[in-house]
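If you want the building blocks of each chain, they are given just below.
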Amino acid sequence: MHKALRIAQVAPLQESVPPQLYGGTERVVSYLTEALCALGHDVTLFASADSQTSARLIACAPRALRLSNHHNTQNHLDPLAHTALQLERVMQHADQFDIIHSHIDFLPMPLYRRCRTPSITTMHGRLDTPGLATIVDAFYDCPLVAISDSQASPLPRANWIATIYHGLPLHPEHFNPTPQNYLAFLGRISPEKRVDSAIQIAKQAGIPLKIAAKVGDEDRAYFHNVIQPMLDHPLIEFVGEISEAQKPDFLGNALALLFMVDWPEPFGLAMIEAMACGTPVIARRCGSVPEVVDHGITGFIVDNEEQAIHALHNIHTLDRKRCHRVFEERFSIARMTQDYLYAYQQIIDYPLPDFSSDVPMHPI
């Protein structure tokens, strides 16, 4: 039994916690925050004012920045300015916490290093981009958590404390043993998510495909120029973004989730959301996929569209009840929360040197 801790959760401001629609990181922050509160820990959440939480909420933006900017095209809110305000508020309250758990990547690390309160940062994005190794070398002492071993692999010199897979609440009622005759795509429209590949697979397999996806401003041209022309087919239905409440029916009624990503996927929350409903996953062998999908049990791992079509012909061989059971064993919110509590205690018991007055400069 862990003693009660005073924990700060520092969330991205782009979406609320939990997000109203798309937003994997913010959803995981919400699950973790609520689970920690339920265990009796004293949690403070630094997030947008429209967040809903059992923790103490310190608002750092009046509304999720994506929604604010979507509804107000004249005066976009500057994410960096609001993050600066957020970090100032975290530092003002820092001595009230046993640990600060940050979910906003490297930006706060100069402050965290100089803060007497221990901190830990979960990296949620891809880590193979140029220049990150230089940052890791500069902040060689800052404790990090990866969400998959694959995500962490490009930065072997980083101070990885643990790999902690995402977890979801257990809802047995979401399990559906009798799906309908369609395939699901869930996520966002972008080149690396390869909804185009999912469309081609569905057409060639002759199985309807429903696409529940966000179209962000940065991908709007790609959607209009590449994806929209592919939607004019009787087997293809574009649903758009869906809420958390809509996901169980959308995923649970699907024969399978198509997850044909073509990038180093850091985790892929949609995969375990499908498994939670008993829905198997057909996924391209990229990034975290081999760590998340148990081939032949919770889905099939493939290398191309031809193999995906073959896998669809064998989707009936997978036991949806076993798929759901594996989810409960590997990806529960209880398991994720206990993993984080163990990591917190490691950092609290073995804190960094006090760099508050003199930070050794590492060559950059």
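As shown above, the structure is provided for reference.
Along each chain, residue indices are assigned from 1 in the same order as the chain's sequence is written. The predicted origin of the model limits local features to residues at a pLDDT of at least 70 and limits the giving and counting of side-chain atom pairs to 80 or more, whereas totals for whole chains, interfaces and linings rest on all residues. Heavy atoms from the whole structure form the basis of all side-chain values; hydrogens and water molecules are not counted.

Q: Residue-level account of the overall build of the protein, with values.
A: Strands here mean DSSP runs of E at least two residues long; helices mean DSSP runs of H or I at least four residues long; both are numbered from the N terminus. Within the protein, the secondary structure is distributed over 14 helices and 13 strands. Rg of the C-alpha trace for the protein: 21 Å, near the compact-globule value of 21 Å for 364 residues, within the 12% margin. Each principal axis of the C-alpha distribution contributes one length, and for the protein these read about 65 × 50 × 40 Å. Expressed as a percentage of the 364 residues in the protein, the buried residues total 55%. Restricting the contact set of the protein to residue pairs at least 6 apart, pairs at least 24 apart contribute 66%. Carbon and sulfur atoms form 52% of the exposed surface of the protein, whose accessible area is close to 15700 Å². With 28 positive and 40 negative side-chain charges, the protein shows a spacing of 1 Å between the two charge centroids. Radius of gyration: over C-alpha atoms. The globule rule applied is 2.2 Å multiplied by the number of residues raised to the 0.38 power. For every residue, the accessible area (1.4 Å probe, protein chains only) is compared with the maximum for its type, and the residue is labelled buried under 20%, exposed over 50%, or partly exposed between those bounds. We call two residues in contact when some of their heavy atoms are within 4.5 Å. To measure how exposed things are, a 1.4 Å probe is used in the Shrake-Rupley method; for residues, cover is taken only from the protein chains shown. Just so you know, the count uses Lys and Arg for positive and Asp and Glu for negative, and it drops His and the chain ends. Note on charges: their place is set at NZ of Lys, CZ of Arg, CG of Asp or CD of Glu.

Q: Provide a residue-level description of the packing of aromatic side chains, including the pertinent values.
A: Between 30 and 60 degrees the pair is tilted, below 30 it is stacked and above 60 it is edge-to-face, where a pair is any two Phe, Tyr or Trp rings, Trp via its six-membered ring, whose centres lie within 6.5 Å. Scanning the model with the defined rule gives seven aromatic pairs in all. Their ring planes at 40 degrees and their centres at 6.2 Å tell us that Tyr165 and Phe267 sit as a pair that is tilted. Linking Tyr165 in the loop between β7 (160-163) and β8 (183-188) with Phe267 in the loop between β11 (256-259) and α10 (269-276), this pair joins segments that are 102 residues apart in sequence. Ring centres of Tyr340 and Tyr344 lie 6.2 Å apart, and the angle between their planes is 35 degrees; this geometry places the pair in the tilted category. Of this pair, Tyr340 and Tyr344 both sit in helix α14 (residues 333-349), four residues apart, roughly one helical turn. Site record: aromatic cluster; members linked through ring pairs are Tyr165, Phe267 and Phe331.

Q: Break down the packing of helix α7 (residues 195-205) against helix α12 (residues 305-313) for me, citing the residues and quoting the values.
A: Axis lines are fitted through C-alpha atoms, for helices just across the contact stretch, and the angle between N-to-C directions can take any value from 0 to 180 degrees. Relative to each other, α7 and α12 sit at 50 degrees, their axes nearing to 10 Å. The angle between α7 and α12 falls in the class oblique. The two elements α7 and α12 meet at a crossing, and its hand is right-handed. Across the interface between the two elements, Ser197, Gln200, Ile201, Gln204 and Ala205 from α7 touch Glu305, Ala308, Ile309 and Leu312 from α12. Orientation is classified from the angle alone, with under 35 degrees giving roughly parallel, over 145 giving roughly antiparallel, 65 to 115 giving roughly perpendicular, and any other angle giving oblique. The sense of a crossing depends on the near helix, which, turned anticlockwise from the far helix by less than a right angle, makes the crossing left-handed and, turned clockwise, makes it right-handed.

Q: Describe in detail the sheet that holds strand β4 (residues 99-102), supporting the description with residues and values.
A: Adjacent strands of a sheet form backbone hydrogen bonds with each other and so pair up, either parallel or antiparallel. Strand pairing is assigned whenever DSSP identifies at least 2 bridges connecting the two strands. Strand order in the open sheet formed by seven strands is β3-β2-β1-β4-β5-β6-β7, and the pairing between neighbours is parallel. Edge positions in the open sheet fall to β3 (56-59) and β7, since each of these has one partner strand only. Here the strands of the sheet are splayed against their neighbours by 20 degrees on average, with no regard to which way each runs. Pairing geometry for strand β6 (residues 144-146) and β7, over three bridges, is parallel. When the sheet's bridge partners are listed, Ala146 is paired in β7 with Thr163. On the sheet, helix α3 (residues 79-93) packs against β1 (6-10), β2 (42-47), β3 and β4 and is oriented at approximately 155 degrees with respect to β2.

Q: I'd love a proper account of the state of the cysteines, names of residues and values included.
A: Note: disulfide means a covalent bond formed between the sulfur atoms of two cysteine side chains. To count as a disulfide, a pair of cysteine sulfur atoms needs to be within 2.5 Å. Inspection of the entire model under this criterion finds zero disulfides. Of the cysteine sulfurs around Cys60, a residue in no disulfide, the closest is that of Cys115, at 15 Å. For Cys60, a relative accessible area of 1% corresponds to the buried category.

Q: Go over the side chain of Arg113 with me, naming the residues and quoting the values.
A: For Arg113, the location among the structural elements is in helix α4 (residues 109-113). Here Arg113 falls in the buried class, since its relative accessible area comes to 6%. Any pair of nitrogen or oxygen atoms within 3.5 Å is treated as a polar contact; in protein, a donor-acceptor pairing is required on top of that, and neighbouring residues in sequence qualify only through side-chain atoms on both sides. Among the polar contacts made by the side chain of Arg113, one reaches the main-chain carbonyl oxygen of Ala138 at a distance of 2.7 Å.

Q: Tell me what's going on with the environment of Cys60, and back it up with residues and numbers.
A: With respect to the helices, strands and loops of the structure, Cys60 is situated in the loop between β3 and α2 (65-71). Considered as a pair, Cys60 and Ala11 are 49 residues apart in the sequence and their alpha carbons are 9.8 Å apart. Once residues lying within four places of it in the same chain are set aside, the contact partners of Cys60 are Leu13, Phe46, Ala47, His82, Leu85, Gln86 and Arg89.

Q: Give a description of the packing of α10 against helix α13 (residues 320-330) that names residues and reports values.
A: Between α10 and α13, the shortest axis-to-axis distance is 7 Å and the interhelical angle comes to 125 degrees. Between α10 and α13, the interaxial angle falls into the category oblique. Across from Ile272, Met275 and Ala276 in α10, the residues of α13 making contact are Cys323, His324 and Phe327. Side-chain classes are defined by residue name, with Ala, Val, Leu, Ile, Met, Phe, Trp, Tyr, Cys and Pro counting as nonpolar, Asp, Glu, Lys and Arg as charged, and the others, Gly among them, as polar. Residue classes in the contact of α10 with α13 are distributed as five nonpolar, one polar and no charged.

Q: Tell me about the nonpolar core, and name the residues and values.
A: With 60 residues, the main nonpolar core has Leu257, Phe259, Met271, Ile272, Met275, Val281 and Tyr344 as its most contacted residues. Among all residues touching Phe259, those that are not within four sequence positions of it are Glu265, Gly268, Ala270, Met271, Val281, Ile282, Ala283, Arg284 and Val289. Of all hydrophobic cores here, the second largest spans 33 residues; its members include Ile207, Ile236, Ala256 and Phe300. As used here, the term nonpolar core means buried Ala, Val, Leu, Ile, Met, Phe, Trp, Tyr and Cys residues forming a set that is joined through side-chain atoms within 4.5 Å.

Q: Any chance you could break down helix α8 (residues 220-227) for me, citing the residues and the numbers?
A: Within α8 the residues assigned to the buried category are Tyr222, Phe223 and Ile227. Within α8, the buried residues cover an arc of 100 degrees as seen down the axis, which keeps them to one side. Buried-residue contacts for α8 involve α7 and β10 (236-238). In this context, the arc is that of the directions from the helix axis out to the C-beta atoms.

Q: An account of the pairing of β8 is requested, with residue identities and associated values reported.
A: Most of β8 sits out of view: six of its six residues are buried. Where β8 meets strand β9 (residues 209-214), six bridges bridge the pair, whose relative direction is parallel. Each bridged residue has a counterpart across the sheet, and for Arg188 the counterpart in β9 is Lys214. Note on handedness: a clockwise path from strand one over the helix to strand two, with the strands aimed away from the viewer, defines a right-handed crossover. Regarding topology, α7 serves as the crossover connection from β8 to the parallel β9, and that connection is right-handed. With two bridges joining them, β8 and β11 adopt parallel strand pairing. In the sheet register, Leu183 faces β11, and the bridge partner there is Ala256.

Such coordinate-based values are descriptive only and should not be taken to indicate function.
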